[in-house]
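Understanding the architecture of this molecule
Given next are the chains, with one letter for each unit.
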Amino acid sequence: MNTPVTDIEFLSAYGQGFARVAAVTLPVVPVNPAANAAAIIEQARALSDDGVCLAAFPELCLTGYAIDDLLLSDVLLSDVLAAIEALRAASADLLPALVVGAPLRLGDRLYNCALVIQGGRVRGVAPKSYLPTYREFYEKRHFAPGDALPVGVEAIELPGVRGGTDGSHDDAAPAAPTASAGPVARVPFGANLLFEVDDVPGLTFHVEVCEDMWVPVPPSSLAALTGATVLVNISGSPITVGRAEDRALLARSSSARGLAAYVYAAAGQGESSTDLAWDGQTLVYENGELLGSTERFPDGPRATVVDVDIEGLRAERLRQGTFADNARTLSAPGAGGPAQATTFTDPAAFRRIRIGAADLAAPRTDIGLRRRVDRFPFVPDDPARLAQDCYEAYNIQVAALVQRLGAIGNPKIVIGVSGGLDSTHALIVAARAMDRLGRPRSDIHAITMPGFATSAGTRRNAEDLAVGLGCTFEELDIRATATQMLTEMGHPYGQYARTGVLPDGVSERDLYDVTFENVQAGLRTDFLFRIANHRGGIVLGTGDLSELALGWCTFGVGDQMAHYGVNAGIPKTLIQHLIRWVVSEELFDDAVGRTLLSILDTEISPELVPAEAGGAIQSTQAKIGPYALQDFTLWHVLRRGSRPSRIAFLAQRAWSDADGGDWPEGLPQAERVAYDLPEIRRWLELFHRRFFTNQFKRSTLPNGPKVVAGGSLSPRGDWRMPSDAAATAWLAELERNVPSGEPTDKNQDHRPTA
């Protein structure tokens, strides 16, 4: 058997769609560009060794920000150019694109600039668009604004600097040297520059400076619409009480609206304290989530180094079509109008600067993964956030059920209760809905229907809960009816039940096939629907999102069907936390709370097949995989459309070490386990097989509310898919790119060398 050729290096963060970036603060020496350049180079070397491909340093970090009128000194500006040349030369041996701040002269004006230096070249220069001249700031005293450059200005010359680029191509030649001045690099200049990194698909970054993010429409907003996935802000930003929180709010908001990463680096130690102080804040947000930050007021350099999910950001943009629509709306009309000043206000007018793979070759080796990977994407680790999510999820379900009942004449509710998690949660949602409607809970008809494998414990819990809540409770034993049905269809169990003798060639375990199971599931649903007809009620469905993803439900006359599926938007991994939250909030009395906690301790089982003598009960997770892993996969498939190999990579990072990382509050110790890659691969394959073959069950779902941001599987909501699609391509990708055993890194790091 031939081994499939892999598309990617499985262990490589870059190969899996991530890009390592850094936001750096470091001590500056005011008005000493040479010393500051040396400090930047020292940090850049360490970051290069760490696999960083993009590193941002603070505003005016080559000179210091708070040097006032010294910014206009010819001596200083000449030293700045020498420092830029030193950085350019050093960058030839380094991996990352460096973003540094410096004052640069263009004609008779000075600009507060961010320079992008990589691979021995100054790739481009972005001037600060908005100059604060209020409160402690008076930048217009020294600088010209970069938001509206003179007509025709698209480049800046840097005397004494080699290796510039005078256009959008990375192989453009530097300007010819003169006898008196030496080399003069001519490089793209403007706030409308995008830098595309060829070797990291999707990594396109834009640079703005400090105040640019404080205005209502920052340059980075337009850059994101034009394709930038990483937005860089180099900042001076003296600190006052509360300003750090404001910066974080702006960065978070920009990353969320722009479906991008926002990399922020502020000035710190060494800046003048004549009238101000500095805290050196660095942070990185990605689509509204904080990836990392460093301590404020540090002694010495600090760097926030994180891996940005470029592939994930592109997946979000692909799914949110209004993102591209917004770019189209803001794009200028076609050519033919008067010449415009060079600015960033038109997404169609941004210029793209390529950084070729020969200059920036990202390592395709195991460099780790510098970011949190949630084990439970549907369940927050933070206790406060988990409580908030539970409050919202529970009340979404209650509100949806209240609306549905009111819209159809306030019928009774008929629900099958088993003593398991799903029916328990649906019942406490129904009870709360009746309270909201001012109706007696006795209008809930909770019916338990013991079958061939119903345990005494679950039967008791079902009754205790229903009675404790004040529902109308009754038992309807389905075993006799099921036996009759099996007998009349000629199933071997019918003969066995009648005679006590196994048919020839049939073992006892052979009796308990899928027909045996589905007869019970179907009868329960059939009884519920007919009882609802008879009593003027609706059947409240109990099946959850995870079961729908895996097709772990009986189609049609089974638990796939109901009049309203109140749990259809809730993943299995969240349900236990919802029940625990209901107990902690004391929404019901203590007796009900004790019953709910008892139910939480019960093994998840359909209880359709009798256990062998002394054997374990039928286990759902032994059959279809741990819900922890399957919900992990579900989130990444439903929210991002991720390929199997990427899901396996992330699952391995999340689940390989039970002692590492955070766990959701209240999760039992026995469930805090680890999974190795072979286990992850096994259940990932099963997920994809079942997900595709069971789409027909989702295509005919009853109504039910979407609850979690991860998505729903309703054909009228988040998920549309043909029922006859096959998983062939996904399984082939898994086979090619996910090792069947624990992987080892056999590749050499191929960062650029001198």
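Here the structure is a predicted model, which means the values were calculated and not measured.

Under the counting rule described, the total for this entry stands at three cavities of 30 Å³ or more. Approximately 100 Å³ is the volume found for the largest cavity. G543, D559, Q560, G565 and P702 are, among the 13 residues lining the largest cavity, the residues nearest its centre. Of the residues in the lining of the largest cavity, the class split is seven nonpolar, five polar and one charged. Each pocket or cavity is described by its volume, and for the second largest cavity that value is around 60 Å³. A568, G569, L701, P702, N703, G704, P705, S712, L713, S714 and R716 together form the lining of the second largest cavity. Residue composition of the lining of the second largest cavity, grouped by class: five nonpolar, five polar and one charged.

What follows covers the packing of aromatic side chains. Across all of its chains, the model carries 23 aromatic pairs by this definition. Members of the aromatic cluster, joined through ring pairs, are F452, Y493, Y496, Y512 and F516. If you follow R375 out to its NZ or CZ, it ends over the ring of W655, 5.9 Å from the centre. Positioned over the ring face of F691 is R698, at 4.2 Å from the centre of the ring.

Bringing the pattern of salt bridges into the picture now. Counting across every chain of the model gives 45 salt bridges. Close ionic contact of E286 with R371 constitutes a salt bridge, the shortest N to O distance being 2.9 Å. Highlighted residues: E286 in strand β13 (residues 282–286) and R371 in the loop between β16 (351–355) and α7 (383–407), separated in sequence by 85 residues. Here E286 falls in the buried class, since its relative accessible area comes to 6%. D309 is the partner of R646 in a salt bridge, and the nearest nitrogen-oxygen pair spans 2.4 Å. Of this pair, R646 sits in helix α19 (residues 644–655) while D309 sits in strand β15 (residues 302–309), and the two are 337 residues apart along the sequence. The buried category is assigned to R646, whose relative accessible area is 2%. A relative accessible area of 4% means that D309 is categorised as buried. When salt bridges with common partners are traced through the structure, they connect D309, E311, E316, R639, R640, R643 and R646 into a single cluster.

This part takes up the packing of α7 against helix α15 (residues 572–584). Packing of α7 against α15 leaves a shortest axis separation of 9 Å and a crossing angle of 90 degrees. If you check the angle between α7 and α15, you find them roughly perpendicular. Contact residues: α7 offers L386, A387, C390, Y391, A393, Y394, N395 and Q397, while α15 offers L574, H577, L578, W581 and V582. Its residues assigned to classes, the contact of α7 with α15 comprises 10 nonpolar, three polar and no charged.

It is worth spelling out the environment of D513 at this point. Examined against the element boundaries, D513 turns out to sit in the loop between α12 (508–511) and α13 (514–535). The sequence separation of D513 and H491 amounts to 22 residues, and the corresponding C-alpha distance is 9.9 Å. Of note is the side chain of D513, whose polar atom sits 3.2 Å from the backbone nitrogen of T515. Polar contacts involving the side chain of D513 include one to the main-chain amide nitrogen of F516, which spans 2.9 Å.

A few words on the pairing of strand β10 (residues 204–209). Burial within β10 is extensive, with six of its six residues counted as buried. The two faces of β10 match: T204, H206 and E208 on one face and F205, V207 and V209 on the other face are all buried. Bridge count for strand β9 (residues 193–197) against β10 is two bridges, and the pairing is antiparallel. By the bridge assignment for β10, E196 is matched with T204. Bridging between β10 and strand β11 (residues 230–235) involves five bridges; their strand directions are parallel. When the bridges of β11 are listed, V209 appears paired with I234.

Before going further, it helps to examine the environment of C61. Assignment of secondary structure puts C61 in the loop between β2 (54–56) and α2 (74–91). The exposure class assigned to C61 is buried, which follows from its relative accessible area of 2%. Taking C-alpha positions, C61 is 6.6 Å from V28, a pair spaced 33 residues apart along the chain. When near neighbours in sequence (up to four residues on either side) are disregarded, C61 contacts V28, N36, I40, V100 and G101.

Let's shift gears to unusual backbone geometry. Most peptide bonds adopt trans geometry, and most residues besides glycine take a negative phi value. One non-glycine residue with positive phi stands out, namely D68, at about 55 degrees. Inspection of the secondary structure puts D68 in the loop between β2 and α2. Owing to a relative accessible area of 38%, D68 belongs among the partly exposed residues under this scheme. Despite not being glycine, R135 has its phi angle at roughly 45 degrees, a positive value. Looking at the secondary structure, you find R135 in the loop between β5 (121–127) and β6 (155–159).

Here we come to the sheet that holds strand β1 (residues 18–25). What holds strands together in a sheet is hydrogen bonding between their backbones, with the strands either parallel or antiparallel. Strand order across the open sheet formed by six strands is β5-β4-β3-β2-β1-β15, with mixed pairing between neighbours. Here the strands that pair on one side only, and so sit at the sheet edges, are β5 and β15. The sheet shows a mean angle of 30 degrees between the axes of neighbouring strands, taken without regard to direction. For β1 and β15, the ladder comprises eight bridges, and the chain directions are antiparallel. In the strand pairing of β15, A22 is matched with V305. Strands β1 and β15 of the sheet are contacted by helix α5 (residues 310–319), whose axis makes an angle of about 50 degrees with β15.

Direction vectors running N to C along helix α8 (residues 421–437) and helix α9 (residues 456–469) enclose 5 degrees, while the axes themselves pass 11 Å from each other. Relative to α9, α8 is oriented roughly parallel. Residues T424, L427, I428 and A431 of α8 touch α9, and the partners they reach there are L465, A466 and L469. Classifying every residue of the contact of α8 with α9 gives six nonpolar, one polar and no charged.

In space, the five strands of this open sheet follow the order β19-β18-β17-β20-β21, with parallel pairing throughout. Both edges of this open sheet fall to β19 (472–475) and β21 (564–565), since each of them pairs with a single strand only. Both strand β18 (residues 444–448) and β19 contribute to a ladder of four bridges, which runs parallel. Its bridge partner being in β19, T448 is matched across the sheet by E475. Those strands touched by α9 are β18 and β19, and its axis lies near 155 degrees from that of β19.

Conventions and cut-offs
- Residues numbered from 1 in each chain as written.
- Predicted model: local features only at pLDDT ≥ 70, side-chain atom pairs only at ≥ 80, totals over all residues.
- Heavy atoms only, no water.
- 1 Å grid on protein atoms, 1.4 Å probe; cavity = no way out; pocket = protein on both sides within 12 Å on 5 of 7 lines; lining within 4 Å.
- Points joined across faces, edges and corners; volume = space filled by probe spheres on them.
- Nonpolar A, V, L, I, M, F, W, Y, C, P; charged D, E, K, R; others polar.
- Phe/Tyr/Trp six-rings, centres within 6.5 Å; stacked < 30°, edge-to-face > 60°.
- Lys NZ or Arg CZ within 6 Å of the ring centre and 35° of its normal.
- Salt bridge = Lys/Arg side-chain N within 4 Å of Asp/Glu carboxyl O.
- Helix = DSSP H or I, 4+ residues; strand = E, 2+ residues; numbered from the N terminus.
- Buried < 20%, exposed > 50% of the residue type's maximum accessible area, 1.4 Å probe, protein only.
- Axes fitted to C-alpha atoms, helices over the stretch in contact; angles between N-to-C directions.
- Parallel < 35°, antiparallel > 145°, perpendicular 65-115°, else oblique.
- Contact = heavy atoms within 4.5 Å.
- Polar contact = N/O pair within 3.5 Å; in protein donor to acceptor, adjacent residues only side chain to side chain.
- Pairing = 2+ DSSP bridges.

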